[in-house]
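Structural overview for review
As a plain string of letters, each chain reads:
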Amino acid sequence: MKTNRFLSIVFLAIFCTGALYYHFRQSQSNDINLENKALTDIFTGPEKVHPKLGSPPRYDIYQTRPDNPEVLAAVAFNTYDITPRIKGYAGPVKLLVAISTDGTIKDVRVLKHSETPSYVFTLDEFMAQFKGKNIADSFQLGKDIDGITRATMTSEAVARSVDKGAKAIGRQILELDVGGPSGDRPKTLSYIHIIVPLMLFIVAVGGVLGRNTFLRGLALLTGFVYLGLIKSTMVSVVQLVNIGMLKFPDFVTNPLWYCLVVMTLLSSVILGMVYCGSICPFAGVQEVLFHLGRKLKWEELKFSHKVAGQARYVKFGILFVVLAASFIIGNSSAANVEVFLILFAAHASQAGWAFVVFILTLSVFHFRFWCKFLCPIGAFNGLLADKSIYKIQFGPECGGCGVCDKVCPVGAIQMVDDKPLIDYPECTLCNKCVEKCPKEILFLTRNRQQGLTKHD
Amino acid sequence: MIKPTIKSSDKILAVLLLLSVLMVGQIMNENINSIRLAALSGSAKPKVDVDKVKAKLRQAGLTPYEAKYWKIIDARPQKD
Ligand code: SF4
Ligand code: SF4
């Protein structure tokens, strides 16, 4: 399909140029300007801030009195200089921490982060908890510090880096008796978050290969409960941008991120839209809502093949714009526009919630409205699926009855010259066409009919 | 009940997509603003001492204006 090839080229061009631009900008910039800005914000009096120096690197802040020589009043440091390995959900959260010489935390300011913006709305209240605490205190999340709801990894990273950094500075520079870091629990690899996603993909692939509706339903339900409700972790454009920015979470603390990304990519290039068809938590939500609408006998919104076919390009437009914007801004949070992230993270502005309600309502009247026309990560998965090794194809005996076209719930099949042409980026591998074909000549097989796809 | 024809549904689709794109744009705008504000002050949200600014304005013989920007930067001006 020429259009899909063109879209793939545009995607690659934006992704590669954007990533290069981002890394070029990163190589030109450093944190010094941000640190200076935060310091002038915190120390508004006559204090004198000395340039960053020493090991561990820090700013010494002196009290200037007319009668006395300069007296050290506080020390400030960038947590990244001391604890570069502590990461939030999407890479390090860089903080500037200012400590008085008696060990009291004067202020904690965010310098840089790539966390979900809806969490940033509550980050200020979270930071306020550190103010006035003594660095010798315990900083355990959930005990001494309240975490940000559904952003445990971000909260944990902040608490641990303040704790470790402040205690190191306290011991080495201020020579205080502060003891060891309290928030540093030993890291253990959580095998359950490798096994569950692995099982999830096995069940989903089993459903596709075995044409088993029960397995597909089971995978969708597990995806909804585990990925949506329990982990609030889904494949999204934010991850795609983070990959371009080379920002990866810590494998030991977040193996699910790696499993999900790797298995989605693999399944897409081998079989097609396995993730979108049988795993995505929001897919299940939309399908249930749509069936509810039919149960209630509400009129379905049907669109013509032609217009719906053109409208599907909207999601590619969204994908390209959010990718470009994120790389230009230099923060993957700009890409956080996907409705499922808002819904399952349960943090959003009024506009975000209005959008969720809008899309959920549309899902009642049109099958997978979001997936078909708007989902940017669905668009990306579709581009991979278009090149998948195995595809649903029809045999030479096809008489052109058009049953498959009629039963396809996502409108991925169109009869052209009495032959079904499948739009692979739209096909969710539900197998309805395969099951209903009266001649039983539609089957999932190795991609041998490249020439028979739409628009060629 | 009036059933929408395919043709009229296509028009509805165009309107729905336009609305969706506008909402996505608004959400993206909010995200970008939240990142910008975070970078602006070195913290998640800048804090402005409105009373101090107002006092300075009054000192200069001006009347403080209840600008909408107070809200954007999350400062709450006192009612005069
Ligand atoms: S298109 Fe988007 S929302 Fe739909 S199933 Fe795929 S990732 Fe999920
Ligand atoms: S019915 Fe449509 S979505 Fe389902 S497998 Fe066939 S082409 Fe794909």
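Not measured: the values here are computed from a predicted model.

Per the secondary structure count, chain A includes 19 helices and nine strands. Each principal axis of the C-alpha atoms in chain A carries an extent, and together these give about 100 × 40 × 40 Å. Per-residue burial over chain A gives 54% buried out of 456 residues. In chain A, of all internal contacts separated by at least 6 residues, the share reaching a separation of at least 24 is 70%. Working note: accessible area of chain A is about 19400 Å², and carbon and sulfur atoms make up 61% of it. Of the charged side chains in chain A, 47 are positive and 36 negative; the average position of the first set lies 8 Å away from that of the second.

A separate point is the site of ligand 2. If you check the shell around ligand 2, you find A:Ile392, A:Cys408, A:Pro409, A:Val410, A:Ile413, A:Cys427, A:Thr428, A:Leu429, A:Cys430, A:Asn431, A:Lys432 and A:Cys433 and nothing else. A breakdown of the residues in the shell around ligand 2 according to their chemical character gives nine nonpolar, two polar and one charged.

Residue and element names in this part refer to chain A. In this structure the tally under the stated criterion is 15 aromatic pairs over all chains. Seen from their ring centres, Phe 224 and Phe 344 are 5.9 Å apart, and the 70° between their planes marks the pair as edge-to-face. With Phe 224 in helix 7 (residues 213-230) and Phe 344 in helix 14 (residues 339-345), this pair connects stretches of sequence that are 120 residues apart. Judged by its relative accessible area of 27%, Phe 224 falls in the partly exposed class.

This paragraph deals with the packing of helix 11 (residues 281-295) of chain A against helix 15 (residues 350-365) of chain A. Residue and element names in this part refer to chain A. Between helix 11 and helix 15, the least distance of the axes is 6 Å, while the angle of their chain directions is 50°. As judged from the angle between their axes, helix 11 and helix 15 are oblique. Where helix 11 crosses over helix 15, the handedness of that crossing is right-handed. Two secondary-structure elements touch here, helix 11 through Phe 282, Val 285, Gln 286, Leu 289, Phe 290, Gly 293 and Arg 294 and helix 15 through Ile 359, Leu 360, Ser 363, Val 364 and Phe 365. Along the lines of polarity and charge, the residues of the contact of helix 11 with helix 15 split into eight nonpolar, three polar and one charged.

Now for the domain arrangement of chain A. Assigned domains within chain A: domain 1 (2-17 + 191-436) and domain 2 (72-172). Here the C-alpha centre of domain 2 of chain A lies 37 Å away from the C-alpha centre of domain 1 of chain A.

For the rest of this paragraph, the subject is the site of ligand 1. Residues and elements named next belong to chain A. For ligand 1, the full set of nearby residues is Tyr 275, Cys 276, Cys 280, Ala 283, Phe 340, Arg 368, Trp 370, Cys 371, Cys 375, Ile 377 and Gly 378. At the level of elements, helix 10 (274-278), helix 16 (369-373) and helix 17 (376-385) are the ones that each hand at least two residues to the shell around ligand 1. Broken down by class, the residue content of the shell around ligand 1 amounts to nine nonpolar, one polar and one charged.

Time to look at the sheet that holds strand 3 (residues 71-78) of chain A. Residue and element names in this part refer to chain A. Read from one edge of the open sheet, five strands run 1-2-3-4-5, paired in antiparallel fashion. Two strands lie at the open edges of the sheet, namely strand 1 (48-49) and strand 5 (105-112), each paired on one side alone. The pairing of strand 3 with strand 4 (residues 94-100) spans five bridges and is antiparallel. Residue pairing for strand 4: Asn 78 is matched across the bridge by Leu 96. Sitting on the sheet, helix 2 (residues 32-42) is in contact with strand 1, strand 2 (59-63), strand 3, strand 4 and strand 5, with an inclination near 145° to strand 5.

The next thing to look at is the pattern of salt bridges. All names here are of chain A. For the structure on display, the rule yields 13 salt bridges over all chains. Between Arg 58 and Asp 60 there is a salt bridge whose closest N-O contact spans 3.2 Å. Classification of Arg 58 by relative accessible area gives buried; the value is 12%. The salt bridge partner of Asp 163 is Lys 167, with a shortest N-O separation of 2.5 Å. Here Lys 167 and Asp 163 lie together in helix 5 (residues 152-172), a separation of four residues that amounts to about one turn. The burial state of Asp 163 is the same as that of Lys 167; both residues are buried. Members of the salt-bridge network, linked through shared partners, are Asp 41, Asp 107, Arg 109 and Lys 131.

Relative to the helices and strands, A:Leu53 is located in the loop between strand 1 and strand 2. The residues touching A:Leu53, leaving out its near neighbours within four places in the chain, are A:Arg58 and A:Asp60.

As a further point, take helix 11 of chain A. Residue and element names in this part refer to chain A. With 15 residues, helix 11 should cover 21 Å at 1.5 Å per step; its first-to-last C-alpha distance of 22 Å lies within 8% of that length. Among the residues of helix 11, those classed as buried are Pro 281, Phe 282, Ala 283, Gly 284, Val 285, Gln 286, Glu 287, Leu 289, Phe 290 and Gly 293. Against the buried residues of helix 11 lie helix 7, helix 10, helix 14, helix 15 and helix 16. Phi turns positive one or two residues past the end of helix 11, at Lys 297, with a value near 65°.

Of note, B:Ser20 is situated in helix 1 (residues 6-41). Among the polar contacts made by the side chain of B:Ser20, one reaches the main-chain carbonyl oxygen of B:Leu16 at a distance of 2.7 Å. The contact partners of B:Ser20, leaving out residues within four places of it in the chain, are A:Phe355, A:Phe358, A:Phe369 and A:Leu374.

Residues and elements named next belong to chain A. The omega angle of the peptide bond from Ser 55 to Pro 56 is -5°, so this bond is cis rather than trans. A positive phi angle, close to 50°, is found at Arg 211, a residue other than glycine. In this structure, Arg 211 sits in the loop between helix 6 (192-209) and helix 7. You can call Arg 211 partly exposed: its relative accessible area is 42%. Even without being a glycine, Glu 440 presents a positive backbone phi close to 50°. Looking at the secondary structure, you find Glu 440 in the loop between helix 19 (432-436) and strand 9 (442-446).

Our next topic: the environment of B:Val15. All names here are of chain B. With respect to the element layout, Val 15 can be found in helix 1. Given the relative accessible area of 48%, Val 15 is considered partly exposed. Taking C-alpha positions, Val 15 is 20 Å from Met 28, a pair spaced 13 residues apart along the chain.

Attention shifts here to helix 17 of chain A. In terms of burial, helix 17 of chain A is largely enclosed, as ten of its ten residues are buried. Along helix 17 of chain A, the positions that sit buried rather than exposed are A:Pro376, A:Ile377, A:Gly378, A:Ala379, A:Phe380, A:Asn381, A:Gly382, A:Leu383, A:Leu384 and A:Ala385.

The rules we used
- Residues numbered from 1 in each chain as written.
- Chains lettered and ligands numbered in written order.
- Predicted model: local features only at pLDDT ≥ 70, side-chain atom pairs only at ≥ 80, totals over all residues.
- Heavy atoms only, no water.
- Helix = DSSP H or I, 4+ residues; strand = E, 2+ residues; numbered from the N terminus.
- Buried < 20%, exposed > 50% of the residue type's maximum accessible area, 1.4 Å probe, protein only.
- Contact = heavy atoms within 4.5 Å.
- Areas by Shrake-Rupley, 256 points an atom, 1.4 Å probe, with all protein chains shown as cover.
- Lys, Arg positive; Asp, Glu negative; His and termini not counted.
- Charge placed at Lys NZ, Arg CZ, Asp CG, Glu CD.
- Near = heavy atom within 4 Å.
- Nonpolar A, V, L, I, M, F, W, Y, C, P; charged D, E, K, R; others polar.
- Phe/Tyr/Trp six-rings, centres within 6.5 Å; stacked < 30°, edge-to-face > 60°.
- Axes fitted to C-alpha atoms, helices over the stretch in contact; angles between N-to-C directions.
- Parallel < 35°, antiparallel > 145°, perpendicular 65-115°, else oblique.
- Left-handed = near helix turned anticlockwise from the far one by under 90°.
- Domains from an automatic or database assignment.
- Pairing = 2+ DSSP bridges.
- Salt bridge = Lys/Arg side-chain N within 4 Å of Asp/Glu carboxyl O.
- Expected span 1.5 Å × (residues − 1).
- Polar contact = N/O pair within 3.5 Å; in protein donor to acceptor, adjacent residues only side chain to side chain.

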